[in-house]
Amino acid sequence: MKGNSDKMDRLRQLKQEIMALEGYLPQKGQQPDSRLQLGPLHAAFSGGAFPLAANHEFISHTPSEAASTQGFLAVLLGMLLQKGGFCLWLGVRPQVFPPALKRFGVAPERVVFVNVPREKDLLWSLEQALSCEALVAVVGEIRELGFSESQRLQLAVERSRVTGFVHRHQPRSLHALACATRWKVAPGPTPMSTCMPGLGFPVWRVGLIKVRNGRPGDWQLQWDGQGFQEVFREEKRQAITQNRRNYA
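Criteria and thresholds
- Residues numbered from 1 in each chain as written.
- Predicted model: local features only at pLDDT ≥ 70, side-chain atom pairs only at ≥ 80, totals over all residues.
- Heavy atoms only, no water.
- Helix = DSSP H or I, 4+ residues; strand = E, 2+ residues; numbered from the N terminus.
- Buried < 20%, exposed > 50% of the residue type's maximum accessible area, 1.4 Å probe, protein only.
- Salt bridge = Lys/Arg side-chain N within 4 Å of Asp/Glu carboxyl O.
- Phe/Tyr/Trp six-rings, centres within 6.5 Å; stacked < 30°, edge-to-face > 60°.
- Lys NZ or Arg CZ within 6 Å of the ring centre and 35° of its normal.
- Pairing = 2+ DSSP bridges.
- Axes fitted to C-alpha atoms, helices over the stretch in contact; angles between N-to-C directions.
- Contact = heavy atoms within 4.5 Å.
- Parallel < 35°, antiparallel > 145°, perpendicular 65-115°, else oblique.
- Nonpolar A, V, L, I, M, F, W, Y, C, P; charged D, E, K, R; others polar.

An unreviewed UniProt entry lists the protein chain under the name Error-prone repair protein ImuA, with Cyclobacterium plantarum as the source organism.

Here it is, written out as structure tokens:
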């Protein structure tokens, strides 16, 4: 019995070491990256750490979902670029207004936009970018991606330790890919405070559809420029406060 227990412990240890090498967990003696303040999203990942040095797939079907996805990606990039470095944003045509990135904490001069008209050339460019150790992160807006192609992208980030984000707008199929996660981001209604005129903070319905060794989930998150807050919890708190006032 003791021999079986030792084998199971060793297997668990090897699993943790492999996940650390693939970027899904901090390596031994290394603390989780403090740049990423994702609030309630941390609980979805193994060890509470967002997988770095891995590729993350984002799916969108409508223009509003695509815009929400780009905003969500901008927030992640803003966190990753806090300590400097550069990001490469690849696509077949311009999709992002660079000065607007400041709204999400990204210095536009830290992001290099490259437009590649043909998707075949875009895939090659994306693989080369993910292989570049000088970059912190890479965003690739590419519609179609095969499993073997995604494997090549994963091998690239494992060597370079770059974090990749693949945004697939209106893909023809949703087959499995060699990515750490699959996300779907959509716009949500912004709760307005009675003392705050004009537009409120952006709210996104964030769905983590697939995650390796984690827990998929759905959240309605508000970005206030400092971090993510779950909107329904804030609404519930305000309702409780109002009820207390009514019965005071």
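Structure shown, so let's carry the discussion forward.
A. Fine view of the side chain of Ser68. You can see Ser68 is positioned in helix H2 (residues 63–80). Judged by its relative accessible area of 5%, Ser68 is buried.

B. Geometry of the pattern of salt bridges. If you walk through the whole model with that rule in mind, you get eight salt bridges. Here Lys184 and Glu65 are joined by a salt bridge, their closest N and O atoms 2.7 Å apart. Note that Lys184 is positioned in strand E6 (residues 181–187) and Glu65 in helix H2, a separation of 119 residues in sequence. Arg152 is the partner of Glu127 in a salt bridge, and the nearest nitrogen-oxygen pair spans 3.2 Å. Of the two residues, Glu127 sits in helix H3 (residues 119–130) while Arg152 sits in helix H4 (residues 147–160), which places them 25 residues apart along the sequence.

C. Spatial organisation of the packing of aromatic side chains. With the rule as written, the count across this model stands at 12 aromatic pairs. Ring plane angle 90° and centroid distance 6.0 Å describe the contact between Phe72 and Trp204, whose orientation is recorded as edge-to-face. Taken together, the residues span a long stretch of sequence, with Phe72 in helix H2 and Trp204 in strand E7 (residues 203–211) at a distance of 132 residues. Of the aromatic side chains, those joined through ring pairs into one cluster are Phe45, Phe50, Phe58, Phe72, Phe104, Phe165, Trp183, Trp204, Trp223 and Phe228. Arg110 extends its terminal NZ or CZ atom over the ring of Phe86, reaching a point 5.0 Å from the ring centre.

D. Here's a closer look at the sheet that holds strand E9 (residues 228–230). On the basis of which strands lie adjacent, the open sheet formed by nine strands has the order E3-E2-E4-E5-E1-E6-E7-E8-E9 and mixed pairing. The sheet is open, and its two borders are formed by strand E3 (111–115) and E9, each paired with just one other strand. Across the sheet, the mean angle from the axis of one strand to that of its neighbour is 25°, orientation sign disregarded. When strand E2 (residues 87–91) meets strand E4 (residues 137–141), the two strands line up parallel, connected through four bridges. Across the sheet, Leu90 pairs through a bridge with Gly140, a residue of E4. Contacts between H3 and the sheet are confined to strand E1 (55–60), E2, E4 and strand E5 (163–169), with E2 contributing the most and set at about 170° to the helix.

E. Spotlight on the packing of H3 against H4. The interhelical angle for the contact between H3 and H4, taken along N-to-C directions, is 20°, at an axis separation of 8 Å. Taken together, the axes of H3 and H4 lie roughly parallel to each other. Between H3 and H4, the residues in contact are Leu123, Leu126, Glu127 and Leu130 and Glu149, Arg152, Leu153, Ala156, Val157 and Ser160, respectively. Taken together, the residues that form the contact of H3 with H4 break down as six nonpolar, one polar and three charged.

F. Fine view of the pairing of E6. Here E6 lies mainly inside the structure; five of its seven residues are buried. Pairing of E1 with E6, which is carried by four bridges, proceeds in the parallel orientation. Bridging from a neighbouring strand, His56 pairs with Thr181 of E6. The sheet contact formed by E6 and E7 spans seven bridges and is antiparallel. By the bridge assignment, Pro187 is partnered in E7 with Trp204.

G. Inspection of the environment of Cys179 at higher detail. In this structure, Cys179 sits in the loop between E5 and E6. Separated by 14 residues in the primary sequence, Cys179 and Phe165 have C-alpha atoms spaced 9.4 Å apart.

H. Expanded view of unusual backbone geometry. In this model, Gln170 sits at a positive phi of 55°, which is unusual for a non-glycine residue. Turning to its location among the elements, Gln170 is positioned in the loop between E5 and E6. Residue Gln170 is classed as partly exposed on the basis of its relative accessible area of 39%. Although it is not a glycine, Asn213 sits at a positive phi angle of roughly 55°. Structurally, Asn213 is set in the loop between E7 and strand E8 (217–223). The class of Asn213 is partly exposed, set by a relative accessible area of 36%.

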